[in-house]
2 protein chains.
Amino acid sequence: MQKVLKSTRVSRTFRNAILGTTFLAVGVTGMAYASGPAKDEPIKPIVPAKVTNPGKVELGKKLFFDPRLSKSGFISCNSCHNLSMGGSDNLTSSIGDRWQQGPINSPTVLNSSLNFVQFWDGRAKDLQEQAGGPIANPKEMAFSHDLALDVLNSIPEYRAEFAKVYGDKKLDIQLVTDAIAEFEKTLVTPNSRFDQWLKGDSKAITAEELKGYELFKNSGCVACHSGEAVGGGSFQKLGLFEPYKTNNPAIGRADVTKNDAERFFFKVPTLRNVELTYPYFHDGAAKTLEEAVDIMGRLQLGKKFTSEETAQIVAFLKTLTGEQPKLQLPILPPSRNNTPRPKPFD
Amino acid sequence: MQKVLKSTRVSRTFRNAILGTTFLAVGVTGMAYASGPAKDEPIKPIVPAKVTNPGKVELGKKLFFDPRLSKSGFISCNSCHNLSMGGSDNLTSSIGDRWQQGPINSPTVLNSSLNFVQFWDGRAKDLQEQAGGPIANPKEMAFSHDLALDVLNSIPEYRAEFAKVYGDKKLDIQLVTDAIAEFEKTLVTPNSRFDQWLKGDSKAITAEELKGYELFKNSGCVACHSGEAVGGGSFQKLGLFEPYKTNNPAIGRADVTKNDAERFFFKVPTLRNVELTYPYFHDGAAKTLEEAVDIMGRLQLGKKFTSEETAQIVAFLKTLTGEQPKLQLPILPPSRNNTPRPKPFD
């Protein structure tokens with residue numbers, strides 16, 4: 001396989017042109033890829049999101065982009081989970097109300113529905129539970145659920161949209177977070193080059209990228225970074241072979257369980273779109289993928305990758321960048337005279 | 001006219017349904033509206049933007065949404081000219097780097113290409129000149145043009161896109177601001193209900209809205225708020241009949257010309273989409289349209305509108321909300337290992 005790929009390395013454009021033709025040629029038979037059968041690997045292709053309630057998703061998108069869910073009127077979900085930038089803010093730690101420095105690196109919202117729990121320490125069981133957190137966190141959006149509801153209730157278009165989606169249910173924070181979560185569930189990124197390869201298109205990744213994957217698999221990275229999300233499925237201790245050194249005070253799972261044995265256990269992050277979600281780790285301390293791979297090798301696997309190996313693994317990791325959600329920027333309904341006004345400087 | 005409108009007031013949906021039918025019926029003859037000829041009024045319909053260089057517009061859109069043009073990596077053009085919220089931030093004054101309070105209310109970017117000069121005090125002659133200002137303003141994006149160029153130059157996709165649009169010209173701040181300005185020129189909002197009325201569709205506005213327009217015209221508002229942008233065409237003194245009271249230190253045009261006679265002369269703002277661009281005036285002191293209309297009447301026209309008149313004018317002003325730009329959220333190319341990193345907390 002590696003030999004074939006090495007000799008057929010072509011530009012991405014050219015590869016896609018070939019792929020396009022192949023699609024046309026075999027379309028009738030129902031085979032998606034000509035090159036071979038789907039592969040049985042510990043990483044699984046992302047299944048595109050099925051939208052069963054488009055009205056709810058659309059409402060959730062508006063809420064996700066609406067800074068009026070923050071005290072300042074300046075911070076929305078999209079501020080720290082920026083969908084133009086891999087669903088993250090690309091900062092070491094986020095900026096909250098009054099420019100407060102957040103305690104932890106903002107995880108990507110992309111493919112977050114595939115995580116088994118939410119937040120680095122898993123303190124929310126699902127996206128709906130997660131969504132309520134930042135709104136009321138005094139270091140993040142610094143609002144309260146009641147005030148957020150006052151804002152939404154004062155805006156007829158929001159009231160009408162909630163009524164359309166949820167019938168006569170009272171507009172409460174559960175509906176708000178439900179709609180946001182339903183929108184977030186659509187933010188998956190299928191069809192990465194690696195997924196094309198998994199589905200049988202041998203030409204979708206290069207020989208070097210494949211070497212990187214083999215290394216990733218054979219070195220043990222895949223023990224935690226597997227499945228559809230290439231992570232997101234377990235808590236693991238950061239710093240197995242060597243302790244992880246950081247000034248960040250977060251202790252992960254133990255913060256939630258108060259069980260000292262779970263000190264420094266964090267949710268394994270997804271590696272999907274990892275090319276876009278720098279910097280890395282819960283403290284955002286690793287600026288580059290090379291640094292992150294090197295540290296993971298040493299601390300988690302007791303392994304010192306050569307710089308060539310690191311480069312190969314990084315090349316593989318970049319094949320995990322999928323199709324980014326194509327979103328039309330929502331137009332938010334205007335506040336009314338009775339809408340509580342933002343208080344950025346009070 | 002008013003009588004006819006009063007008796008035929010119908011819901012907007014119903015009106016649009018009628019309009020749709022009419023369109024179909026008369027489409028062949030080339031007449032856009034069945035109800036009557038285009039009107040000769042001091043306000044002119046907005047002409048939709050003609051895009052001659054879509055590549056430049058697309059590049060400008062990316063730059064407009066890219067927070068890496070700020071020191072913090074958190075503030076983009078769209079932060080204060082939010083295209084989900086009428087091209088403004090709906091704050092009294094904007095939030096800048098390290099949460100600094102901006103000196104003035106952020107004017108809408110929508111239809112800003114129709115302004116005869118840019119900024120409240122007209123210190124920039126056009127959008128290109130304007131666009132460079134906030135990037136390097138220590139109270140806004142707090143970056144420098146050189147650093148912004150370092151960021152862009154380190155990202156191959158940006159380099160390629162600049163090369164595609166500008167050939168072999170050196171990537172400098174002029175190209176950056178040119179692309180942003182070209183994008184901004186597309187941000188016009190045609191086809192408001194008032195424009196439909198101007199074009200001959202008598203049913204596009206209600207009797208009350210028409211009364212409001214007649215009052216707006218006959219009271220003298222139209223002396224300054226006219227043309228395609230319903231404003232944006234002159235500097236005028238704020239506080240003609242009574243002085244304008246404010247704690248905001250801006251003195252408008254005199255800040256630029258150092259000519260004391262121009263103290264408190266500000267660029268007349270556009271009233272297009274004014275329903276969306278609250279709060280009002282250079283100091284953002286008027287929270288509602290009613291308040292703004294009342295103050296304008298007293299201070300600029302020596303006129304005390306009754307609350308009924310104010311309501312009518314406000315009703316008219318809301319017919320100036322046009323079609324908001326339909327934008328696909330741009331996907332920004334990722335930083336590379338050599339891209340200068342944001343410094344939000346240094």
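Quick notes on the rules
- Residues numbered from 1 in each chain as written.
- Chains lettered and ligands numbered in written order.
- Predicted model: local features only at pLDDT ≥ 70, side-chain atom pairs only at ≥ 80, totals over all residues.
- Heavy atoms only, no water.
- Helix = DSSP H or I, 4+ residues; strand = E, 2+ residues; numbered from the N terminus.
- Rg over C-alpha atoms; globule rule 2.2 N^0.38 Å.
- Buried < 20%, exposed > 50% of the residue type's maximum accessible area, 1.4 Å probe, protein only.
- Contact = heavy atoms within 4.5 Å.
- Areas by Shrake-Rupley, 256 points an atom, 1.4 Å probe, with all protein chains shown as cover.
- Lys, Arg positive; Asp, Glu negative; His and termini not counted.
- Charge placed at Lys NZ, Arg CZ, Asp CG, Glu CD.
- Core = buried A, V, L, I, M, F, W, Y, C linked by side-chain atoms within 4.5 Å.
- Buried area = accessible area lost by both parts, 1.4 Å probe.
- Salt bridge = Lys/Arg side-chain N within 4 Å of Asp/Glu carboxyl O.
- Nonpolar A, V, L, I, M, F, W, Y, C, P; charged D, E, K, R; others polar.
- Arc of directions from axis to C-beta.

## Structural notes on the overall build of chain A
Reasoning step 1: Summing up its helical and strand segments, chain A has 13 helices and two strands in all.
Reasoning step 2: For a compact globule of 346 residues, the expected C-alpha radius of gyration is about 20 Å, and chain A comes in at 22 Å, within 12% of that figure.
Reasoning step 3: When its C-alpha atoms are laid out on the principal axes, chain A stretches across 70 × 55 × 30 Å.
Reasoning step 4: Looking at the 346 residues of chain A, the share that counts as buried comes to 55%.
Reasoning step 5: Taking all contacts inside chain A whose residues are at least 6 apart in sequence as the whole, residues at least 24 apart take part in 73%.
Reasoning step 6: Surface accessibility of chain A: about 14,900 Å² in total, with carbon and sulfur atoms responsible for 55%.
Reasoning step 7: Distance between charge centres in chain A, computed from 43 positive and 38 negative side chains, equals 3 Å.

## Some remarks on the nonpolar core
Across soluble globular proteins, nonpolar side chains show a tendency to be buried alongside one another.
Reasoning step 1: Counting residues in each nonpolar core, the largest one holds 80 residues, and the members touching the most others are Leu63, Leu83 and Phe162 of chain A together with Leu63, Leu83 and Phe162 of chain B.
Reasoning step 2: Excluding residues that lie within four positions of it along the chain, Leu63 of chain B makes contacts with Leu69, Cys77, Leu152, Tyr158, Phe162, Val176, Ala179 and Ile180 of chain B.

## Here we look at the interface of chain B and chain A
Reasoning step 1: Between chain B and chain A, the residue contacts involve 46 residues of the former and 46 residues of the latter.
Reasoning step 2: Overall, the association of chain B and chain A removes approximately 3,900 Å² of surface from exposure, summing both partners, and the carbon and sulfur fraction of that is 68%.
Reasoning step 3: It is Phe74, Trp99 and Phe345 of chain B that lose the most area in chain B upon contact with chain A, and together they represent 22% of the buried surface on that side.
Reasoning step 4: Run the count over chain B and chain A and you get zero salt bridges.
Reasoning step 5: Grouping the amino acids of the side of chain B that touches chain A by side-chain chemistry returns 21 nonpolar, 16 polar and nine charged.

## Side note on helix 7 (residues 156-166) of chain A
All names here are of chain A.
Reasoning step 1: By the burial criterion, the buried members of helix 7 are Tyr158, Glu161, Phe162, Val165 and Tyr166. Relative to the axis of helix 7, the buried residues are bounded by an arc of 105° and lie together on one face.
Reasoning step 2: Residues of helix 7 that are buried in the fold lie against helix 3 (54-65), helix 6 (145-153) and helix 8 (173-185).
Reasoning step 3: Of the residues trailing helix 7, Gly167 is marked for its positive phi of about 65°.

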